[in-house]
Amino acid sequence: MRQAMPADTMQIDDLFRASYGELLRADYSEAILAKVLPPLLVTSPRLLNSGTFFVAETGGGDLIAAGGWTQASPFGGVGPREIGHMRRVAVHPDYVRRGVGSVVLDHVLANAQRTGVTRMCCLSTLTAQPFYEAHGFAMSGDVDLMLRPGVALPAVQMARDLIA
């Protein structure tokens, strides 16, 4: 695990393309994916410069997962300092169900907790909901994540407390 850098943009975009392009098909129609995938496959420079977005690499340097957190909500705006928001967690399909996602999530939560975050919120895809539930996140409702005007991804609002 290491902090992501702007130089990682192409590899992270490739990871999102592989992960979201394959794994989301289990829970979303082709019509929805045709609309939502293009904005999901572009990494935000602000996220890469946040200092709270991380990548997981193999021993050979291949990027196999990414994820992070921010104070800013995916809906925009910043809330109280003790509340964080999970951002863009993805695992390459070749590494799903091998513990890589758990390593990323544990790293992200520990990093947030060190800065004083006591509650982590998450807008989960339908596909990732069981993963987050297995890690102590509870669902609070269904939401439509607006990716751009007229393009919404059905998602699930989840949260968990971070206890020291």
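Anyway, here's the lowdown on the structure attached to this text.

## Describing helix 2 (residues 30-40)
So, point 1. Listed in full, the buried residues belonging to helix 2 are L33, V36, L37, P39 and L40. Summarising the axial view, the buried residues of helix 2 lie within an arc of 160°, below the 170-degree limit, and thus occupy one face. Among the exposed residues of helix 2, those oriented more than 90 degrees off its buried face are A31, A34 and K35.
So, point 2. Elements that come into contact with the buried residues of helix 2 comprise helix 1 (9-23), strand 4 (83-91), strand 6 (138-148) and strand 7 (151-161).

## Description of the packing of aromatic side chains
So, point 1. Under the counting rule described, the total for this entry stands at 3 aromatic pairs.
So, point 2. Seen from their ring centres, F131 and Y132 are 5.3 Å apart, and the 70° between their planes marks the pair as edge-to-face.
So, point 3. Take Y132: its relative accessible area is 5%, and that puts it in the buried class.
So, point 4. Measuring from centroid to centroid gives 5.2 Å for Y132 and F137, while their planes differ by 75°, and the two rings are edge-to-face. Across the pair, exposure class does not vary: Y132 and F137 are buried alike.
So, point 5. Put simply, the rings of F131, Y132 and F137 pair up and form one aromatic cluster.
So, point 6. In this structure, R88 is placed above the aromatic ring of F16, and the distance from its NZ or CZ to the ring centre is 3.9 Å.

## So, the nonpolar core
So, point 1. Ranked by internal contacts, the top residues of the largest apolar core, which has 24 residues, are I12, F16, Y20, L24 and F53.
So, point 2. Looking at this core, the elements that each hand over two or more residues are helix 1, helix 2, helix 3 (45-48), strand 2 (53-57), strand 3 (63-70) and strand 7.
So, point 3. Here Y20 is in contact with L37, L40, L41, R88, V89 and A90, once residues within four sequence places are set aside.
So, point 4. F54, A56, I64 and L109 belong to the second-largest nonpolar core, a separate cluster that totals 22 residues.

Calculation rules
- Residues numbered from 1 in each chain as written.
- Predicted model: local features only at pLDDT ≥ 70, side-chain atom pairs only at ≥ 80, totals over all residues.
- Heavy atoms only, no water.
- Buried < 20%, exposed > 50% of the residue type's maximum accessible area, 1.4 Å probe, protein only.
- Helix = DSSP H or I, 4+ residues; strand = E, 2+ residues; numbered from the N terminus.
- Arc of directions from axis to C-beta.
- Contact = heavy atoms within 4.5 Å.
- Phe/Tyr/Trp six-rings, centres within 6.5 Å; stacked < 30°, edge-to-face > 60°.
- Lys NZ or Arg CZ within 6 Å of the ring centre and 35° of its normal.
- Core = buried A, V, L, I, M, F, W, Y, C linked by side-chain atoms within 4.5 Å.

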